[in-house]
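# Close look at the chain arrangement
The lines below spell out each chain.
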Amino acid sequence: MRRLKLKSEKLLIVLLTALLCAFLSGCKDSNNDNDDEEPPATKPREMIEVTVNTVLDDAGKTANFLTKWEEHMYLIVICYDKDGKVINRNQGNPPRLSGDGLSYSSAEWVGSNAATFAGKITKGADSLVAYAFYSGLNNLPFKDITFDADRMYDDLRYIDFTSGSYKGDMENISFTLKHRKSLMNLKVTNKTGRTITYLKLHLRTDESNKAFYGTGMYELLSFPPVEMTCTNAVSVKISDFSVTDGAELTVPFPLWLKNEAVLDGKAFNIVAETNAGTYAVSKTGKKYESGREYDEEMVLETK
């Protein structure tokens, strides 16, 4: 696949933190009957210096997940009070940024599954939630994915997102960061008797089981996971890749599922669009654990 293009890293941090603010805190008081009332002036909360130790889940030691810290990776920490409400960096209405981005010494930790961050968080937190991601991850989640067929697995680990929680002594903070995606590797074999060109592959359920694939960034950023806005299909577009008769092509489907068991025992269809027509096969799903890979097969035969 094409390498995810890096945007301005500073802009990405501001964007993601603002999205977290919008989802976790809300930007308007729903109980305020007077929407025209001037909001009170904000007052910065006191910040404290912290050191945060992190460990990335090894995801079965596969190369298709972010299991080692790399340059251009970031950590965002969200602070919660004892009632489970987000503590905003600034007091008042509307709330300001609720996430505290901590600096990361990439040169010191590159290649390790553990890394230490140093910076400031909002004082008074009872618990914390952390999110770690690659700075080029600016199109999450991926409902319609496009891959270069000859490079599909080169940068797949960057389509990943990890999160974890912590409650305890704020002088000794530690996170184990778990992956939020699972991965389905679909092996497609051409037995049509001719060379065909793959156009797009779909994974979809029928109407009764349609809510399985997360499409909302806010929900994915929540911890613990909340009910996501979902669709009944995810598509992978192949960039005009032709295969001869008898040849195989393995296509990755990064899955951002409503929950790990949403497809367990449920029927779903895999559909392949080609220049020779459309092919479909029915499968029975299983529990797809986050941070793990699963294999499925599909054979295209002469119609």
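This text follows the structure it describes.
Presented here is a report on the structure given in the accompanying data block. (Residues numbered from 1 in each chain as written. Predicted model: local features only at pLDDT ≥ 70, side-chain atom pairs only at ≥ 80, totals over all residues. Heavy atoms only, no water.)

Right, let's get into the overall build of the chain. What the chain contains, in helices and strands, is three helices and 19 strands. By residue count, 46% of the 303 residues in the chain fall in the buried class. Of the accessible surface of the chain, which amounts to about 14700 Å², a share of 46% is contributed by carbon and sulfur atoms. (Helix = DSSP H or I, 4+ residues; strand = E, 2+ residues; numbered from the N terminus. Buried < 20%, exposed > 50% of the residue type's maximum accessible area, 1.4 Å probe, protein only. Areas by Shrake-Rupley, 256 points an atom, 1.4 Å probe, with all protein chains shown as cover.)

Checked against the element boundaries, K181 lands in the loop between β10 (173-179) and β11 (182-191). Buried and unpaired, K181 has no salt bridge, with D160 as the nearest side chain of opposite charge at 5.1 Å. Every residue in contact with K181, bar those within four places of it in the chain, is listed here: N64, F65, L156, I159, D160, P254, L255, W256, S290, G291 and R292. (Lys, Arg positive; Asp, Glu negative; His and termini not counted. Salt bridge = Lys/Arg side-chain N within 4 Å of Asp/Glu carboxyl O. Contact = heavy atoms within 4.5 Å.)

Below, the discussion takes up the pairing of β10. A regular strand places its side chains so that they alternate between the two faces of the sheet. Side-chain alternation along β10 places I173, F175, L177 and H179 on a buried face and S174, T176 and K178 on a face that remains uncovered. Note: strand β2 (residues 47-56) against β10, five bridges, orientation parallel. Counterpart to N53 in the pairing with β10 is S174. Relative to β10, strand β9 (residues 162-167) is paired through two bridges, and the arrangement is antiparallel. Bridge assignment links T162 to a residue of β10, and that residue is H179. In textbook terms, the turn of a hairpin is the stretch between consecutive antiparallel strands, and for β9 and β10 this stretch comprises five residues, one of which, G168, has a positive phi near 155 degrees. (Pairing = 2+ DSSP bridges.)

To continue, consider the environment of I121. Its location among the elements puts I121 in strand β6 (residues 114-122). When the C-alpha positions of I121 and R45 are compared, they lie 9.8 Å apart, and in sequence the two are 76 residues distant.

The next point concerns the sheet that holds strand β16 (residues 248-255). Read from one edge to the other, the open sheet built from three strands follows the order β16-β11-β19, with strand pairing classed as mixed. If you trace the sheet from one side to the other, it starts and ends with β16 and β19 (293-301), each paired once. Taking each pair of neighbouring strands and ignoring which way they run, the sheet shows an average axis angle of 20 degrees. Relative to β16, β11 is paired through eight bridges, and the arrangement is antiparallel. By the bridge assignment for β16, L186 is matched with V251. (Axes fitted to C-alpha atoms, helices over the stretch in contact; angles between N-to-C directions.)

Moving on to the pattern of salt bridges. Applying the stated criterion to the full structure yields ten salt bridges. E70 is the salt-bridge partner of R157, the closest N and O atoms lying 2.7 Å from each other. Residue R157 is found in the loop between β8 (144-147) and β9, and its partner E70 is found in the loop between β2 and β3 (73-80); the two are separated by 87 residues along the sequence. The class of R157 is partly exposed, set by a relative accessible area of 22%. Residue E297 pairs with K187 through a salt bridge whose shortest N-O separation is 3.5 Å. With E297 in strand β19 and K187 in strand β11, the pair connects residues that are 110 residues apart, well separated along the chain. For E297, a relative accessible area of 46% puts it in the partly exposed group.

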